[in-house]
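Architecture and fold: a report
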Amino acid sequence: MTTKAPTAPVLGTRALNRATLARQLLLRRAELSAEAAVTHLVGLQAQNVKPPYYALAARLAGFAPEALSAPMAARRVVRVVTLRSTIHTHTADDCLTLRPLVQAARDRELRQFRKGLTGVDPDRLARLARDLVEAEPRTLRELREALGAQWPDADPGALSVAARCLLPLVQITPRGLWGRSGQVTLTTAEHWLGRPAAPVPAPDATVLRYLAAFGPASVRDMQTWAGLTRLRPAFERLRPRLLTFRDPAGTELFDLPDAPRPAPDTPAPPRFLPEFDNLLLSHADRTRVVPPAHRGRARQGNLAHRTLLVDGFLAGLWRLDADALVVEAFGDLTAVQRREVTEEAERLLATMHPDGPYAIRFGPVRA
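This structure is a prediction, so every number in the text was calculated from the model and none was measured.

1. Focus on the environment of F235
By secondary structure assignment, the location of F235 is in helix α12 (residues 232-238). Taking relative accessible area as the criterion, F235 reaches 0% and is therefore assigned buried. Considered as a pair, F235 and F254 are 19 residues apart in the sequence and their alpha carbons are 8.1 Å apart. When sequence neighbours within four positions are dropped, the list of residues in contact with F235 reads V207, S218, V219, M222 and F254.

Spelled out as structure tokens, the structure:
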């Protein structure tokens, strides 16, 4: 008589929510340095300069912007295109290992621009671009012009995208420093950090790190986070070391045996998150954070909004006007929730804008 394999336990939406918030340092602020937090979170999306700072303010006890600016100025943290073909803030070590891991995806991305690159030899372009930015850091305009002089019939925008795809180009400081301005100026990660990139690694170690920061999660979840495909073999190699669950839809989820999985009724305080926060972008199924009724409300086209969590779930938007932090809740907040949101807003302002003239206002969601 054949014995059926035991059915994996089901984790409900609130259980997944609390587990993910715990991994994301959003249930309670962590006593970590900014550098250690960036390592644990496997980077922070950083299409704009300020979001990584707000992301850490929501996650770390005693955070101040200088805690991230200082390691960035010291070249221990960098801004570089990695996951999902977007700019991320990574530690130097992760920059030199994660970029090789996702390089195949950057090579595939390059094919989208092939019409603008007719007659362009990618290997020669990579060599020339490397020579240019390592001789002297270049702005995007300078890089486009120098490459365009070599291939006058090619699309200038496609040439600069090709350089970004082929090479691990980092944005050098002062770009990325809090309170400083600076246009995007590029050189290679190896030149900026003074050491070579790692060989292309197997994804197994990154799978474990992803689960530590975002789990429990499916194969598709990690592929969404990384912008990679064909990660199933890595999960299968690791299966003996992992626990498996099911979500309410029956999707298989993997997790680290010793990772936190708090009770579904664990309190989750309000949190103000930046636009493009990793929490909202790193799963194929985002219902663990985004209620179906609010799907799509965190962004409008290519524009992402700053988001508010209440009870662990997306519950509104927020913005900084000239004189106020404005909270735009999607629905009515209870008196207790309103007080807690106000207290969290006060903490955010004290951390990020201690000298600012900001009041706190509640207003309707703007279309």
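Now that the structure has been shown, the text picks up again.
2. Some details on the nonpolar core
Residues L56, F63, L68, F272, L325 and L348 are the most contacted members of the largest nonpolar core, which totals 30 residues. F272 has contacts with Y54, A58, T307, L308, W318, L325, V327, V341, E344, A345 and L348, leaving out every residue within four places of it along the chain. Formed by 26 residues, the second largest nonpolar core is a distinct cluster that contains L208, W225, L238 and A259.

3. Description of the state of the cysteines
Considering all chains together, one arrives at zero disulfides under this definition. Cysteine C95 shares no disulfide, and the gap to the nearest cysteine sulfur, in C165, comes to 15 Å.

4. What about the sheet that holds strand β4 (residues 138-139)?
Strand order across the open sheet formed by six strands is β1-β3-β2-β5-β6-β4, with antiparallel pairing between neighbours. Either end of the sheet is taken by a strand with one partner, and the two such strands are β1 (44-45) and β4. Pairing between strand β2 (residues 77-81) and strand β3 (residues 87-91): five bridges, direction antiparallel. Within the sheet, the bridge partner assigned to V80 lies in β3 and is H88. Each of β2, β3 and β5 (169-171) is contacted by helix α5 (residues 92-110), which is oriented at about 140° to β3, the strand it contacts most.

5. Topic: helix α8 (residues 156-166)
Three or more residues of α8 are buried, namely A158, L159, S160, A162, A163 and C165. Close packing links the buried residues of α8 with α5, α6 (122-135), α7 (140-150) and β5.

6. A short note on a positive patch on the surface
Taken together, the side chains of R108, R111, R114, K115 and R230 present a region of like positive charge at the surface. Along the chain, the position of R108 falls in helix α5. Relative accessible area serves as the criterion here: at 34%, R108 is assigned to the partly exposed category.

7. Notes on the packing of α5 against α8
A pair of packed helices can be characterised by two numbers: the angle between their axes and the separation between those axes. Across the interface, α5 lies against α8 with an axial gap of 8 Å and an inter-helix angle of 150°. The orientation of α5 relative to α8 falls into the category roughly antiparallel. Together, R99, Q103, R106, D107, E109 and L110 of α5 and A162, R164, C165 and L166 of α8 make up the contact between the two elements.

8. Overview of the pairing of strand β14 (residues 324-329)
The side chains of a regular strand alternate between both faces of the sheet. Among the six residues that make up β14, six are buried, leaving the element largely enclosed by the rest of the structure. Here β14 shows a buried face lined by A324, V326 and E328 and a second buried face lined by L325, V327 and A329. Where strand β13 (residues 313-320) meets β14, five bridges bridge the pair, whose relative direction is antiparallel. Within β14, the residue paired with G316 across the bridge is A329.

9. Structural notes on the pattern of salt bridges
All told, the structure shown has 27 salt bridges when counted by the stated rule. Notably, a salt bridge pairs E236 with R239, separated by 2.9 Å at the nearest N-O pair. We classify E236 as partly exposed; its relative accessible area is 34%. Assessed through its relative accessible area of 27%, R239 is described here as partly exposed. With its nearest N and O atoms 2.7 Å apart, the salt bridge here joins D255 to R261. Owing to a relative accessible area of 0%, D255 belongs among the buried residues under this scheme. Bridged by salt links that share partners, the residues R319, D321, D323, E328 and R361 form one connected network.

10. Description of unusual backbone geometry
Among all residues save glycine, negative phi is the norm, and among peptide bonds the norm is trans. The peptide bond linking T173 to P174 adopts the cis configuration, its omega dihedral lying at 20°. Residue placement: P174 occurs in the loop between β5 and β6 (185-188). Cis geometry marks the peptide bond from G215 to P216, where omega comes out at -5°. A positive phi angle, close to 65°, is found at L25, a residue other than glycine. Classification of L25 as buried rests on a relative accessible area of 11%. Phi angles above zero are rare outside glycine, and V42 is one such case at about 55°. Tracing the sequence through the fold places V42 in the loop between α2 (34-40) and β1. Given the relative accessible area of 0%, V42 is considered buried.

11. Some thoughts on the sheet that holds strand β15 (residues 359-362)
Hydrogen bonds between backbone atoms are what pair the strands of a sheet, whose relative direction is either parallel or antiparallel. Pairing is mixed in the open sheet, where five strands are placed in the order β9-β12-β13-β14-β15. With partners counted over all chains shown, the strands left at the sheet margins are β9 (271-273) and β15, one partner each. Geometrically, the sheet is characterised by an average inter-axis angle of 30° between neighbouring strands, direction not taken into account. Packing of helix α13 (residues 335-352) onto the sheet brings it into contact with β9, β12 (306-310), β13, β14 and β15, and relative to β15 it is tilted by some 145°.

Cut-offs used in this document
Residues numbered from 1 in each chain as written. Predicted model: local features only at pLDDT ≥ 70, side-chain atom pairs only at ≥ 80, totals over all residues. Heavy atoms only, no water. Helix = DSSP H or I, 4+ residues; strand = E, 2+ residues; numbered from the N terminus. Buried < 20%, exposed > 50% of the residue type's maximum accessible area, 1.4 Å probe, protein only. Contact = heavy atoms within 4.5 Å. Core = buried A, V, L, I, M, F, W, Y, C linked by side-chain atoms within 4.5 Å. Disulfide = S-S within 2.5 Å. Pairing = 2+ DSSP bridges. Axes fitted to C-alpha atoms, helices over the stretch in contact; angles between N-to-C directions. Patch = residues over 30% accessible without salt bridge, like charges linked within 9 Å, V, L, I, M, F, W, Y side chains within 5 Å. Areas by Shrake-Rupley, 256 points an atom, 1.4 Å probe, with all protein chains shown as cover. Salt bridge = Lys/Arg side-chain N within 4 Å of Asp/Glu carboxyl O. Lys, Arg positive; Asp, Glu negative; His and termini not counted. Charge placed at Lys NZ, Arg CZ, Asp CG, Glu CD. Parallel < 35°, antiparallel > 145°, perpendicular 65-115°, else oblique.

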